[in-house]
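# Working through the structure, step by step
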Amino acid sequence: MDKIKLVEATQLKEGIPAFKSGDTVNVHVKVREGDKERIQEFQGIVISRRGSGVNATFTVRKISDGVGVERIFPLHSPRLAQIVLVKEGRVRRAKLYYVRKLAAKAVTQKTTA
Amino acid sequence: MSGILGKKIGMTSLFDDNGEAVPCTVIEAGPCYVTQVKTSAKDGYDAVQLGFDEKRERLINKPLKGHLAKAGAKALRLLREFRSFNGQALKPGDEVKVDIFSQGDAVDVTGRSKGRGFQGVVKRHHFRGVGMITHGQSDRVRAPGSIGSSSYPSRVFKGMRMAGRMGFEQVTVKNLRVVRVIPESNILIVRGSVPGAINGYLEINKHS
């Protein structure tokens, strides 16, 4: 397996903040429009982190215009310009899939310390 | 045109230039040693025999030892002939390394698929089984169905697809793209999957 790690190591990003499920993060995504590149922000709660090495991903959920939106980002993707840890949350499990069924207020209650 | 021998290390995903995650297979390819050069004058055809994967000297038998000694090669586990080195002046003892490939090349990868044991017709030949699961039926879901007609021909045709041993056969996957080559550590990375289990031997040829 070490040969695979060797290959993956070249693609791992450094300086990724330590964030966990329940935290609120602001993800800066590089968006290419034609030949222009701009940054799009996606802020929400991290409801899941999975995988290891280059295959690690995390899921961010937010409520946009009353509709729940979830995006799954590869943690080491070169398309992510920056991940900003906005607020730490305090939750009691690693996967917060249950928040999909909760009202917005209940989500805040569940994820604040 | 050229080729090399290698060993499957495993799969992972890597990001390409567009930031897209690409499924990749990591192959330890080479270094290979030329153990024999066949010529049409002497052997009736042109080929280069490559050897790969060193093993302990005492694990090889005397005939093979003699054969390898002619090329000055060490004890090798795998010997394969390549007929694709046309026109390249290789001589016994030469080394062939991964640097014969570069990023973006198309390659064909040959290996031995994982053995699946005795399998039914649904898994082995992609039959769809017979009939339905419900409506009282209880035992035909993965059955092969009819295997032929009756009094004529009174036999089952040769090659009729039936249940049996599956896998552990030579499989070639063609036109795989080389994602990256790391010559220092003899690593070749191709896009997509490759036949066989981890540590399985592979033959890698430039796509023709």
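Whatever comes next refers back to the structure up there.
Our subject in this report is the structure included herewith. Fair warning: this is a prediction, and the values are worked out from it, not measured in the lab.

### Describing the sheet that holds strand S1 (residues 24-33) of chain A
Residue and element names in this part refer to chain A. Pairing is antiparallel in the open sheet, where five strands are placed in the order S4-S3-S2-S1-S5. The sheet is open, and its two borders are formed by strand S4 (67-74) and strand S5 (80-87), each paired with just one other strand. Each strand axis lies, on average, 40 degrees off the axis of its neighbour in the sheet, ignoring direction. Two strands pair when backbone bridges link them, and S1 and strand S2 (residues 36-50) are joined in this way by ten bridges, in the antiparallel orientation. Its bridge partner being in S2, Val29 is matched across the sheet by Gln40.

### Description of the packing of aromatic side chains
A complete count under the given rule lists four aromatic pairs over all chains for this structure. The interplanar angle of 35 degrees and the centroid separation of 5.5 Å between the aromatic rings of Phe58 of chain A and Phe73 of chain A together place this pair among those described as tilted. With Phe58 of chain A in strand S3 (residues 57-64) and Phe73 of chain A in strand S4, this residue pair connects regions lying 15 residues apart in the sequence. For the pair Phe58 of chain A and Phe73 of chain A, a shared accessibility class is recorded, and that class is buried. Residues Phe52 of chain B and Tyr201 of chain B carry aromatic rings whose centres are separated by 6.2 Å and whose planes lie at 85 degrees to one another, so their mutual orientation is edge-to-face. Pair noted here: Phe52 of chain B is in strand S4 (residues 47-54) and Tyr201 of chain B is in strand S12 (residues 201-206), with a separation of 149 residues, a long-range link. Here Tyr201 of chain B falls in the partly exposed class, since its relative accessible area comes to 29%. Aromatic rings pair up to connect Phe19, Phe42, Phe58 and Phe73 of chain A into one cluster. The ring of Phe19 of chain A is capped by Arg49 of chain A, whose NZ or CZ atom sits 4.5 Å from the centre of that ring. A cation sits over an aromatic face here: Arg112 of chain B above Phe168 of chain B, 4.5 Å from the ring centre.

### Looking at the interface of chain A and chain B
It is common to give the size of an interface as the accessible area that goes away when the parts come together. Taken together, the 15 residues of chain A in the interface contact 17 residues of chain B. Carbon and sulfur atoms make up 61% of the surface buried where chain A meets chain B, a total of about 1,400 Å² over both sides. By the criterion of area lost to chain B, the three top residues of chain A are Lys3, Val7 and Gln11 of chain A, representing 39% of everything that side buries. Across the chain A-chain B interface, the total number found is one salt bridge. Here Glu20 of chain B makes a salt bridge to Arg79 of chain A, at a shortest N to O gap of 3.1 Å. Among the elements that make up the side of chain A that touches chain B, the one with the highest residue count is helix H1 (residues 2-9) of chain A (five residues).

### Looking at the nonpolar core
Of all hydrophobic cores here, the largest spans 26 residues; its most connected members are Ile27, Leu50, Val107, Leu188, Val190 and Ile204 of chain B. Here Ile27 of chain B is in contact with Gly6, Lys7, Ile9, Asn186, Ile187, Leu188, Val190, Val194, Leu202 and Ile204 of chain B, once residues within four sequence places are set aside. Counting 13 residues, the second-largest nonpolar core is a separate cluster that includes Phe19, Val27, Phe73 and Leu80 of chain A.

Cut-off values and rules
- Residues numbered from 1 in each chain as written.
- Chains lettered and ligands numbered in written order.
- Predicted model: local features only at pLDDT ≥ 70, side-chain atom pairs only at ≥ 80, totals over all residues.
- Heavy atoms only, no water.
- Pairing = 2+ DSSP bridges.
- Helix = DSSP H or I, 4+ residues; strand = E, 2+ residues; numbered from the N terminus.
- Axes fitted to C-alpha atoms, helices over the stretch in contact; angles between N-to-C directions.
- Phe/Tyr/Trp six-rings, centres within 6.5 Å; stacked < 30°, edge-to-face > 60°.
- Buried < 20%, exposed > 50% of the residue type's maximum accessible area, 1.4 Å probe, protein only.
- Lys NZ or Arg CZ within 6 Å of the ring centre and 35° of its normal.
- Contact = heavy atoms within 4.5 Å.
- Buried area = accessible area lost by both parts, 1.4 Å probe.
- Salt bridge = Lys/Arg side-chain N within 4 Å of Asp/Glu carboxyl O.
- Core = buried A, V, L, I, M, F, W, Y, C linked by side-chain atoms within 4.5 Å.

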